[in-house]
Amino acid sequence: MAAIQPTPETPLGPVATAGGPSRGRRLWSSLSIIFESRIATVGFLMVMFWIVIGLLSLVWTPFPPNESRFVQNLPPNTTNLLGTDNLGRDTLSRLMVGTQVVLLKTRVPVGDRTISLPIGVAIWGVLGSLTLGTFLGQIAGYRGGRWDQTIMQLLDAFVAFPSIVLYLVVIAALGRGDLVVIFAIAITGAPGVARLARSLTLDISTRDYVRAAETRGESQWYVMFREILPNARGPLLVDAMLRVGYAIFAIGTLGFLGLGLPPPDPDWGSMVNEARRFMFSTAWGVIWPSLAISSLVVGLSLLADGLREELNRYQR
Amino acid sequence: MARFLVRSLISTFVTMFLVSVLLWVLLEVATGDVAVKLLGVFSTPEQRASYRAQLGLDAPSWQRYLDWLVGSDWRAESQVGFPLVTATNQITGERVWWADVDGTPTQWRLEEGELLTLQLQPDGTVATTAAEVGWSRDEAGAEFFWGVNEDGSAVKWVRGQGAEVWVLTKGGLRKEGDGPQQYIPLRKGLLRGDGGKSLQTGRAVSVTLFPRLRNSVILAAVAFAVVMPLALLLGIVAGVNEGRAIDRTISIVGLTLTATPEFVTGIFLILIFGIWLKWVPAVAIFTSPNAIFENPSLLILPVLTLTAVELGYVARMTRASMVEVMDTPYIRTAIIKGMPRGRVIFRHAVRNALLAPITIIMLHVNWLIGGLVVVEVIFGYPGLGQYIYDAAIFGDPNAIEAAAMILVIVAVGTRLVGDFAYTLLNPRIRYA
């Protein structure tokens, strides 16, 4: 039975098959599509810049990010390259560490200690919405009928509702915390993913290899997750990349509204929010984190945009 | 078409119902004790319990949801025994509940163990007399009376057992004897057009909500009127010149603007135009309810912020659709047969290229609302977004639910308008 494998059609690299090219080669062939497009390359470099900064901040920052040791609200100078904030903390160090919470680590309270998991809040959130959305979308698309109607009606109810308000309510209700933000991002992103997954499933389930799997009596779950899902991967991944951008956008906005990730560890939105009060005397405090958020989200959008263009050309 | 309309209406109601239940559950599960927020952390448990009872928060959750949806006067009426009516208070303009005793609006008060009747006179004054209504007797032999108190709640007094209640006044909490044993706060319910009282302000939700909605609609409408022509124009220009420098510039600038959060754009605009150049007001402080009409420059920065965020998105959609249309055989034919380029673009391409953006623009109103929340918070603009923000932070269920219902209507309504616009522009689509 295992001999019949779905024909790989996504350009993001074939499904794992025995005797195919090695893992490294396949990773490289997936990555190389980025460099086909100039836009994607620029985006990739912008994202990599922040990832490198974040990784660097794990081991080194110019000064401890949470320590008030300087004069408050300094403009950029030779000691503090980007100036200091309203509590006399080094802005550059805080900006660097701000990368971690969105991209690199998630803080989870266990008992009264806090442990850090790898991978940032934005990415976990998008993974959550990807999982939930794909699951619902595939059921709706593959089972059809009443399942489709019920799920889509439920999701429409969600979509009809501005996500920022949903964030506000969820966080106002459950309190601040990395897990709450992840939950909120996952929930608000899921309907969009589900719509995409549903349309992809509707399309793919007409293919011969799906018919073949059904004929040989595979279970519905097998068909959904082993036959359809791998072939819907490309568009879903590109969409997910855009969503990471939106998630960072949302985390920034929440931080700005005073509902972001819990202090004292810096996140960019909260930095803007704190510095905003001093904007009329010194503008540096709001400029740097604002630029950081924009550049990271712009980078991710460029990357996703370029990739989508390449994928479309590839499929045409 | 009629069937399509009916179906969308039903779907709207189902959506509203689902959203309201969802929000209710969320608020129910997670909001902390509202009494603590209202009375402060130094209030005692008895004070909180008494206050919660007065707000009707001691009733089970499903009961309160039903009250919110269809009103509580139904079940209170069977207890009180008189029809319950509302009369408008001529000073505050708010509706107050009265029991209709033989045509006279009546409330009751328990004072020193004696029941007093307050009768609303036609000239708006209240006459206080000793009550003639007798007490009823329950199985245990205690004498009780269900009436409407001066706050407009249906309450149950028990003779000789005036409960000690804590009443929140302007001067703080005051302890009162002669209190009722049980409260049912009266309300008409959302389905009959009453959103209930905001816990935060103590006033009816609609009193605050509608002026706020008006401000937001003005802001959004102005932003819409600025964004749409500009974005469509830029999108068409970029789409016609696909791949050239002007297309690249428009696309990249559009993408950057879209990917920049509203608060970042807003802050930069404040910095540049409000603080450095001092051209326009940096905040939108309303000194009177009609401040936008008296001083329209308050709107400039909020509108610019919304414009920046929306512009890129719509322009990109229009561009993509334009590029697709310009690639079709009929456009190629028109060009090859020697038709002037301007005519090809405006007579043939644009009409078809606008189909997709118009639906997307309508769906995008949701985003505009999200943007409104942030923009209103940045500029201190008293609109619906700020209202929701405040309500969500406070955990004010009536306010959140009422605002949410308005948002759902707006979102679903704009989607319907989008669908209609689509049928008008594209005669191939018919809704069965």
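None of these values were measured; they are calculated from a predicted model.

Definitions and cut-offs
- Residues numbered from 1 in each chain as written.
- Chains lettered and ligands numbered in written order.
- Predicted model: local features only at pLDDT ≥ 70, side-chain atom pairs only at ≥ 80, totals over all residues.
- Heavy atoms only, no water.
- Helix = DSSP H or I, 4+ residues; strand = E, 2+ residues; numbered from the N terminus.
- Rg over C-alpha atoms; globule rule 2.2 N^0.38 Å.
- Buried < 20%, exposed > 50% of the residue type's maximum accessible area, 1.4 Å probe, protein only.
- Contact = heavy atoms within 4.5 Å.
- Areas by Shrake-Rupley, 256 points an atom, 1.4 Å probe, with all protein chains shown as cover.
- Lys, Arg positive; Asp, Glu negative; His and termini not counted.
- Charge placed at Lys NZ, Arg CZ, Asp CG, Glu CD.
- Domains from an automatic or database assignment.
- Buried area = accessible area lost by both parts, 1.4 Å probe.
- Salt bridge = Lys/Arg side-chain N within 4 Å of Asp/Glu carboxyl O.

Q: Would you mind showing me how to read the overall build of chain B here?
A: Counting its secondary structure elements, chain B contains 16 helices and 11 strands. In terms of overall dimensions, chain B is more spread out than a globule: its C-alpha atoms have a radius of gyration of 29 Å, far above the 22 Å expected for 432 residues. C-alpha extents for chain B along the principal axes are approximately 100 × 55 × 45 Å. The buried share of chain B, reckoned over its 432 residues, is 49%. For chain B, the share of sequence-separated contacts (at least 6 apart) that also reach a separation of at least 24 residues comes to 60%.

Q: How do you make sense of the overall build of chain A when you look at a structure like this?
A: A count of helical and extended segments in chain A gives 12 helices and 2 strands. Scanning chain A from its N terminus toward the C terminus, one meets helices and strands in the order α-α-α-β-β-α-α-α-α-α-α-α-α-α. Within chain A, the proportion of its 316 residues that are buried is 54%. Here the contacts in chain A between residues at least 6 apart in sequence split such that 64% fall between residues at least 24 apart. Carbon and sulfur atoms make up 62% of the accessible area of chain A, which amounts to about 14400 Å² in all. Counting 26 positive and 21 negative side-chain charges, chain A places the averaged centre of each group 1 Å from the other.

Q: Could you clarify how one ought to interpret the domain arrangement of chain A in this entry?
A: Reports often express the size of an interface as the amount of accessible area lost when the parts come together. Residue and element names in this part refer to chain A. Under the domain assignment used here, chain A contains domain 1 (33-119 + 266-294) and domain 2 (121-262). The distance between the C-alpha centroids of domain 1 and domain 2 comes to 29 Å. Each partner contributes to the interface: domain 1 provides 16 residues, whereas domain 2 provides 15 residues. Both sides together, the interface formed by domain 1 and domain 2 hides about 1400 Å², and carbon and sulfur atoms give 64% of it. For domain 1, the biggest contributors to the area lost against domain 2 are Val102, Arg107 and Ile119; these three give 34% of the whole.

Q: Got a minute to help me understand the domain arrangement of chain B in this structure?
A: Domain assignment breaks chain B into domain 1 (41-70 + 72-186) and domain 2 (206-425). Of note, the centres of domain 1 of chain B and domain 2 of chain B, computed from C-alpha atoms alone, are 49 Å apart.

Q: What is the right way to look at the pattern of salt bridges in this model?
A: As a working rule, side chains carrying opposite charge can pair if their charged atoms are close by. All names here are of chain A. The tally for this structure, following the rule as stated, stands at 14 salt bridges over all chains. Residue arginine 198 is joined to aspartate 148 by a salt bridge in which the shortest nitrogen-to-oxygen separation is 2.8 Å. With arginine 198 in helix H7 (residues 178-204) and aspartate 148 in helix H5 (residues 145-159), the pair connects residues that are 50 residues apart, well separated along the chain. In this structure aspartate 148 comes out as buried when scored by relative accessible area, which is 14%. Across the pair glutamate 214 and arginine 211 runs a salt bridge, and its minimum N-O distance is 3.6 Å. With a gap of 3 residues between them, glutamate 214 and arginine 211 both fall in helix H8 (residues 208-215), about one helical turn apart. The class for glutamate 214 is partly exposed, based on a relative accessible area of 32%. On the basis of relative accessibility, which here comes to 44%, the residue arginine 211 falls in the partly exposed class. One salt-bridge network, in which partners are shared between bridges, spans Asp85, Arg89, Arg94 and Glu274.

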